[in-house]
Amino acid sequence: MANDDVEVVIIGGGAAGIAATRRLHDAGTRCLLVEARPRLGGRAFSVIDPSGFALDLGCGWLHSADRNPWLEIATEQGASIDKTPPPWMRSALEIGFPPAEQKEFHAAVGSFFVRLERLAQNESDVAGSAALEPGGRWNGLINAMSTYISGAEWDRVSAKDFDRYDDSGVNWRVIEGLGTVISAYGADLPRVLDCRVVGIDHSGKRLRIETTRGAIAADQVIVAIPSSLLAKEQLAFVPALPQKIEAAQGLPLGLDDKLFVALDGAAEFEKDIRLFGHTDRAATGGYHMRPFGRPMIEVYFGGRLAWELEAGGDAAFFDFALSELVNLFGAGFASRVRPLQVHRWGHDPFSLGSYSFALPGSADCRQTLAAPVDDRLFFAGEACSASDFSTAHGAWQTGVNAAEQVIVARKD
Ligand SMILES: Cc1cc2nc3c(=O)[nH]c(=O)nc-3n(C[C@H](O)[C@H](O)[C@H](O)COP(=O)(O)OP(=O)(O)OC[C@H]3O[C@@H](n4cnc5c(N)ncnc54)[C@H](O)[C@@H]3O)c2cc1C
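Residues numbered from 1 in each chain as written. Predicted model: local features only at pLDDT ≥ 70, side-chain atom pairs only at ≥ 80, totals over all residues. Heavy atoms only, no water.

Draft legend 1. Structural view of the overall build of the chain. The number of helices and strands found in the chain is 12 helices and 21 strands. Scaling as 2.2 N^0.38, a compact globule of 412 residues should have a C-alpha radius of gyration of about 22 Å, and the chain matches this with 22 Å. When its C-alpha atoms are laid out on the principal axes, the chain stretches across 65 × 50 × 40 Å. Taking all 412 residues of the chain together, the buried fraction comes to 58%. At a minimum sequence separation of 6, the contacts of the chain that also span at least 24 residues come to 72%. Each charge class in the chain can be summarised by its mean position, and for the 39 positive and 53 negative side chains these summaries are 2 Å apart. (Helix = DSSP H or I, 4+ residues; strand = E, 2+ residues; numbered from the N terminus. Rg over C-alpha atoms; globule rule 2.2 N^0.38 Å. Buried < 20%, exposed > 50% of the residue type's maximum accessible area, 1.4 Å probe, protein only. Contact = heavy atoms within 4.5 Å. Lys, Arg positive; Asp, Glu negative; His and termini not counted. Charge placed at Lys NZ, Arg CZ, Asp CG, Glu CD.)

Draft legend 2. Region of the structure containing the sheet that holds strand E13 (residues 236-238). Taken together, four strands build an open sheet; the order of strands is E11-E10-E9-E13 and the sheet is mixed. The open sheet has two edge strands, strand E11 (214-218) and E13, and neither has a second partner. Taken pair by pair, the neighbouring strands of this sheet meet at an average axis angle of 20°, ignoring direction. Both strand E10 (residues 207-211) and E11 contribute to a ladder of five bridges, which runs antiparallel. By the bridge assignment for E11, Ile209 is matched with Ile216. (Pairing = 2+ DSSP bridges. Axes fitted to C-alpha atoms, helices over the stretch in contact; angles between N-to-C directions.)

Draft legend 3. Focus on the site of the ligand. Taken together, 40 residues are adjacent to the ligand, and Glu35, Arg43, Trp61, Glu382 and Ala392 come closest. Between the ligand and Glu382 there is a distance of 2.9 Å, counted from an oxygen atom to a backbone nitrogen or oxygen. Between the ligand and the protein, one listed contact pairs an oxygen atom with a backbone N or O atom of Thr391 at 3.3 Å. Here the shell around the ligand is built from residues that sort into 21 nonpolar, 12 polar and seven charged. (Near = heavy atom within 4 Å. Polar contact = N/O pair within 3.5 Å; in protein donor to acceptor, adjacent residues only side chain to side chain. Nonpolar A, V, L, I, M, F, W, Y, C, P; charged D, E, K, R; others polar.)

Draft legend 4. Representation of the sheet that holds strand E15 (residues 256-263) within the structure. Spatially, five strands are ordered E16-E17-E18-E15-E19 in an open sheet, and the strand pairing comes out antiparallel. The open sheet is flanked by strand E16 (273-276) and strand E19 (337-342), the only strands paired with a single partner. Neighbour to neighbour, the strand axes of the sheet diverge by 25° on average, direction disregarded. Where strand E17 (residues 286-289) lies against strand E18 (residues 296-302), four bridges are found, and the strand directions are antiparallel. Bridge pairing links His288 to Glu298 in E18.

Draft legend 5. Focus on the packing of aromatic side chains. Scanning the entire structure with this criterion turns up 20 aromatic pairs. Here Phe112 and Phe113 contribute two aromatic rings whose centre-to-centre distance is 5.4 Å and whose plane-to-plane angle is 65°, an arrangement assigned as edge-to-face. By relative accessible area, Phe112 is classed as buried at 0%. Ring geometry for Tyr148 against Tyr300: centres 6.0 Å apart, planes inclined by 70°, an arrangement best described as edge-to-face. (Phe/Tyr/Trp six-rings, centres within 6.5 Å; stacked < 30°, edge-to-face > 60°.)

Draft legend 6. Representation of helix H6 (residues 178-185). Of the residues making up H6, those classed as buried are Leu178, Gly179, Val181, Ile182 and Tyr185. Down the axis of H6, the smallest arc covering the buried residues is 160°, so these residues share one side. (Arc of directions from axis to C-beta.)

Draft legend 7. The arrangement of the nonpolar core in detail. Within the largest apolar cluster, 39 residues are counted, with the highest numbers of intra-cluster contacts made by Ile10, Leu24, Leu62, Trp70, Ile182 and Ile222. At the level of secondary structure, the elements contributing two or more residues to this core comprise strand E1 (8-11), helix H1 (15-26), strand E2 (31-34), helix H2 (69-76), strand E7 (172-174), H6 and helix H12 (392-411). No other element matches H12, which puts nine residues into this core. With near-sequence residues (within four places) excluded, Leu24 lies in contact with Val8, Ile10, Thr29, Cys31, Ile222, Ala403, Val406 and Ile407. Formed by 34 residues, the second largest nonpolar core is a distinct cluster that contains Cys195, Phe237, Leu369 and Cys384. (Core = buried A, V, L, I, M, F, W, Y, C linked by side-chain atoms within 4.5 Å.)

Draft legend 8. Local environment of the side chain of His288. As for its position among the elements, His288 is in strand E17. When its relative accessible area of 8% is taken as the criterion, His288 is described as buried. There is a polar contact of 2.8 Å between the side chain of His288 and the side chain of Asp272. With residues near it in sequence (within four places) discarded, His288 still touches Trp61, Pro87, Arg173, Asp272, Ile273, Met296, Ile297 and Glu298.

Draft legend 9. Just the side chain of Ser150, in detail. Structurally, Ser150 can be placed in the loop between helix H4 (139-149) and helix H5 (159-164). Since its relative accessible area comes to 6%, Ser150 is described here as buried.

Laid out in structure tokens, this is it:
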């Protein structure tokens, strides 16, 4: 690979790597973004369905939209923003979940979060499940919520880390797809696709970055690949960086997968309303009816249920959803739905999951993961964010932070 000129290599072309490269490129640094997939965006991934709708198989919501940098970028690109309140902030459909039960559930969730916040103040970093009421009627659905938020049930999630997440409560969407916006933001940057980095030798004066398409020499590197891949040592550091690997192992990626289903006679349902397949267990789909008013259902599966369904292949997602829908609406519903798209993020070799959570006892791993090494190796990616982890805007911020650190290091 002809690269004598490269000063900084950025590994991983997701939201973090793109943001880092953009910042360095604008500052006049000779940089190169190296991405393993044949496309940019990583876990930001929009596909166009046969009706022309952009489906976000990865991130879709501009969480904390009132301070989300992707909002400005999307607007500059001319994308359209939908400000409909998200389904989880409105009442759910009443079928299988009458209003009195919804009221009881919301009260139980409120008390759970008060206990969780208290737990998080303790010195020891315990699992969120310690805040569940023993034998509580709503524990199943409260656990389902954790699978949607963190990709794992509360028994695996650090209460302290969860409590550090900062949510402004404003959630908007991009009609053309958030994945479309994020990948387009990197489209004109110096980059190489279809090129996997396998190792970084930082023993010499210049870094040697080994890739599947040859070696690249650079002064600095920003590593912006998912924590799951670092944890599995899919990128070899020479000399080894055991502290980084350990930190990454404390920050696994939870699993959430979306299934898009076409729906005939959709007008029967209010747009952007949610329902649960079951309200008495964690293993249930969250059904977002008519997202953007489209004739479809966006189904969310998380945690152990999502891992189980992934093991059964793409068809297992639709079969499970169909069984829950038929259970609620009757056998006739089967003829009104057909599968459109699903992406198995746990089996995707370049993510191995959806977004990071901290294991109990690992709340401080984010700081360790984000720390630079010798002013030459810098780290970015959503798992490095102290309070916006698991999101595309958190990833953006870590990328910009790492780029700023590189710029300072190059001046010294
Ligand atoms: C189903 C789902 C729903 C989500 N919903 C939302 C949401 O609504 N709102 C939100 O804000 N966030 C959401 N997220 C999370 C959000 O998508 C991620 O937090 C964010 O996109 C992560 O960006 P990143 O740059 O840290 O990592 P990634 O996007 O994973 O980028 C890392 C890149 O590194 C590449 N790579 C890996 N290994 C190598 C290697 N060896 N060499 C070179 N390249 C490599 C990968 O291919 C990838 O492109 C969701 C994610 C999923 C999966």
